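An overview of the molecular structure
Spelled out from the first residue to the last, the chains are:
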Amino acid sequence: YTKLLVCDVSEEEIVLEERLDDKKPISTGFFDDGRFYAAVEGNVFFYQSNGKMVDFITVPASEYSVSCDGEALVVLEKGNAEVAVYSPKGDLRTQFSLSEKVFSLKVGNGCYYTLSESDLAVYNENGEWLCAMPIRSGAVDFFVLSDDSLLLCFVSGTERIVPSY
């Protein structure tokens, strides 16, 4: 089972303590308005800041990842390259398909950035492809920086690139 425990450290109290049977944890995080989410195998649960669950979604993909920018939660179904964007309340905002299978997706600066073995692609807020930049193989992660550049992380070091779109 997975145990979800959320504490309000300023009030020194437990806001939520929940046991999710037969669910492998994927990710948790907070939205800017104080709401939070818990992504587990097969589901994403959306909670109010007081710990009350307001909604949940079922994710049919066996492998998925989530990315949160504080205002929205982006769910990437890795096997079929499908993306769904949800509000902090769990409402579906938009859905789109990527041009290729990717292993990582990040949100930042009003865009979606995807990383595959051979390139890094940029999509606008509506899921429309803007550009792709070839990268050397072996990237393990990347970060979206506030100046619209991207920091690619390799086992042997890092590389900063600036998308041109």
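That block above? That's the structure.
Residues numbered from 1 in each chain as written. Predicted model: local features only at pLDDT ≥ 70, side-chain atom pairs only at ≥ 80, totals over all residues. Heavy atoms only, no water.

Topic: the overall build of the protein
Helices and strands together make up the secondary structure of the protein, namely zero helices and 17 strands. In terms of overall dimensions, the protein is globule-like: its C-alpha atoms have a radius of gyration of 17 Å, near the 15 Å expected for 165 residues. Counting only C-alpha atoms, the protein reaches 45 × 35 × 30 Å along its principal axes. Out of the 165 residues belonging to the protein, those deemed buried represent 46%. Looking at the protein alone, contacts between residues at least 24 apart form 29% of all its contacts between residues at least 6 apart. (Helix = DSSP H or I, 4+ residues; strand = E, 2+ residues; numbered from the N terminus. Rg over C-alpha atoms; globule rule 2.2 N^0.38 Å. Buried < 20%, exposed > 50% of the residue type's maximum accessible area, 1.4 Å probe, protein only. Contact = heavy atoms within 4.5 Å.)

Side note on the side chain of R35
Residue position: R35 is located in the loop between strand 3 (25–30) and strand 4 (36–40). Among residues more than four places away in sequence, those in contact with R35 are G29, F30, Y47, Q48, S49, V54, P88 and K89.

Observations regarding the sheet that holds strand 15 (residues 139–144)
One open sheet holds the three strands; their spatial order is 15-16-17, and the pairing between them is antiparallel. Lying at the two open borders of the sheet, with one neighbouring strand each, are strand 15 and strand 17 (157–161). If you compare each strand with its neighbour and ignore which way they point, the axes differ by 25 degrees on average. Taken together, the five bridges between strand 16 (residues 150–154) and strand 17 define a ladder with antiparallel strand orientation. For F154, the partnering residue across the bridge sits in strand 17 and is G157. (Pairing = 2+ DSSP bridges. Axes fitted to C-alpha atoms, helices over the stretch in contact; angles between N-to-C directions.)

Topic: the packing of aromatic side chains
Tallying each qualifying case throughout the model produces seven aromatic pairs. Between F31 and Y37 the ring centres are 5.8 Å apart and the planes differ by 55 degrees, which places this aromatic pair in the tilted class. Y37 matches F31 in its accessibility class, with the two residues each being buried. For the pair F96 and Y112, a centre-to-centre distance of 5.4 Å together with 45 degrees between the ring planes defines the contact as tilted. With F96 in strand 10 (residues 92–97) and Y112 in strand 12 (residues 111–115), this residue pair connects regions lying 16 residues apart in the sequence. According to the relative accessible area criterion, F96 is buried, its value standing at 7%. (Phe/Tyr/Trp six-rings, centres within 6.5 Å; stacked < 30°, edge-to-face > 60°.)

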